[in-house]
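A structural walkthrough
Spelled out from the first residue to the last, the chains are:
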Amino acid sequence: VTDLIADYEQHLRRQRRAGVTIDDYLKVLRRMDRELPAGLACATTDELEAWIFAGKSRGGGQRSDNTLLHYVVIVQGFTAWATDPKDPRLDYDAAADLPTIKAEAEHPTRAATPEEVAAAFASADEIGRDLFTLAAFGGFRCVEIHRGRREHIAPDETRIYGKGGKLRRVPTHPALWERFKDRPEGPLAYGKGVPLTREQVISWGSHRLCKLGLSMHCLRKFFGTEVYEASGRDILVAQDLLGHKYVTTTQIYIAVNQDRRTSAVMALQAP
């Protein structure tokens, strides 16, 4: 099935899927192919279900609902492509009947508060300050930090290359310009003199934030919440700056202002 996975890779590339997404999908599919009793091409629905649901996470515990959903989506995409009637490569879509999973994180990522952001910077080393500045004051995703280069940052505007290489232009925050203005051309994220991979940006950044109960995603949500409030709660401005295709995604990013919640309730007139 190795050649079949390679063919699927070409299919994903023709669809212009992001490189990091393709790499992630292939990693999961190849692992399935190695570990399933007769390989991925010959796997039954029961075997696929057993592999996905009995697997352990990196920390040794059971996989989260989000991970289970991720794996189901990956294998269902692969088998649907492989059994396409127009060009069938497999006779049977074993993944079509896998259980439906509704992934709802028990502890969804929240926006960091201004106080938490200040605490993160106060305890950060130089690598942490680089990563935190890009996420909290530029709205960079981790993959965008990995792709970012010094020449993309100008005093008035920063160019950010998002999912699928899509470009968005974000006004440069003074903290971002001050942090990177004197850097030479090249990647923005370095560790021990070597440019950081996307995975390293995630792990190195989150490792530095974990004591505060935060992740890199919390800092990007901080950015989204702050620009939403500063724009007069214009969600389209936040959507544009975050680089979201759908405004419903932006709604998830924006934290509810607790003071506003309290004020809204207290403003109710009792009879």
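Residues numbered from 1 in each chain as written. Predicted model: local features only at pLDDT ≥ 70, side-chain atom pairs only at ≥ 80, totals over all residues. Heavy atoms only, no water.

**Quick look at the overall build of the protein chain**
- A tally of regular secondary structure across the protein chain gives 13 helices and 4 strands.
- Residues classed as buried in the protein chain amount to 38% of the 271 residues present.
- Considering only residue pairs separated by 6 or more positions, the protein chain has 56% of its internal contacts joining residues 24 or more positions apart.
- Carbon and sulfur atoms provide 52% of the accessible area of the protein chain, an area that totals close to 15700 Å². (Helix = DSSP H or I, 4+ residues; strand = E, 2+ residues; numbered from the N terminus. Buried < 20%, exposed > 50% of the residue type's maximum accessible area, 1.4 Å probe, protein only. Contact = heavy atoms within 4.5 Å. Areas by Shrake-Rupley, 256 points an atom, 1.4 Å probe, with all protein chains shown as cover.)

**Observations concerning the pairing of strand β1 (residues 157-161)**
- Burial along β1 is one-sided: the residues T158 and I160 are buried and none of E157, R159 and Y161 is.
- Inspection of the sheet shows β1 paired to strand β2 (residues 167-171) by 5 bridges, in the antiparallel sense. Residue pairing for β2: E157 is matched across the bridge by P171.
- Taking the residues between adjacent antiparallel strands as the criterion, β1 and β2 are bridged by 5 residues, where G164 takes a positive phi near 70°. (Pairing = 2+ DSSP bridges.)

**Observations regarding unusual backbone geometry**
- In this structure, K192 is a non-glycine residue whose phi angle is positive, near 55°.
- Examined against the element boundaries, K192 turns out to sit in the loop between β3 (190-191) and β4 (194-195).
- The phi angle at R233 is positive, at roughly 60°, despite the residue not being glycine.
- One can find R233 in the loop between α10 (216-230) and α11 (235-242).

**Here's the deal with helix α3 (residues 45-54)**
- Looking only at α3, the buried set comprises T45, L48, W51 and I52. One side of α3 holds all its buried residues, which, seen down the axis, span an arc of 135°. Among the exposed residues of α3, those oriented more than 90 degrees off its buried face are D46 and A54. (Arc of directions from axis to C-beta.)

**Points about the nonpolar core**
- Of all hydrophobic cores here, the largest spans 37 residues; its most connected members are L131, F132, I145, V201, M216 and L219.
- Of all the secondary-structure elements, those providing two or more residues to this core are α5 (114-122), α6 (126-138), α7 (142-147), α8 (174-180), α9 (198-209), α10 and α11.
- Considering every element that reaches this core, the biggest residue donor is α10, with 7 residues.
- With near-sequence residues (within four places) excluded, F132 lies in contact with A120, F121, A124, F137, G205, R208, L209, M216 and L219. (Core = buried A, V, L, I, M, F, W, Y, C linked by side-chain atoms within 4.5 Å.)

**Describing the pattern of salt bridges**
- Taken as a whole, this structure holds 16 salt bridges when the rule is applied.
- With its nearest N and O atoms 2.7 Å apart, the salt bridge here joins R110 to E116.
- With relative accessibility at 37%, the residue R110 sits in the partly exposed group. (Salt bridge = Lys/Arg side-chain N within 4 Å of Asp/Glu carboxyl O.)

**A few points about the packing of aromatic side chains**
- Evaluated as defined, the whole model comprises 7 aromatic pairs.
- When the centroid spacing of 5.1 Å and the interplanar angle of 45° are considered together, the rings of Y8 and W81 count as tilted. Residue Y8 is found in helix α1 (residues 2-14), and its partner W81 is found in helix α4 (residues 65-82); the two are separated by 73 residues along the sequence.
- Look at W81 and you get buried, because its relative accessible area is 10%.
- Between F121 and F132, the ring centres sit 5.9 Å apart and the planes meet at 80°, which makes this aromatic pair edge-to-face. With F121 in helix α5 and F132 in helix α6, the pair connects residues that are 11 residues apart, well separated along the chain. Here F121 and F132 have matching classes, each one buried.
- Taken together, the ring pairs connect F121, F132, F137 and F222 into an aromatic cluster. (Phe/Tyr/Trp six-rings, centres within 6.5 Å; stacked < 30°, edge-to-face > 60°.)

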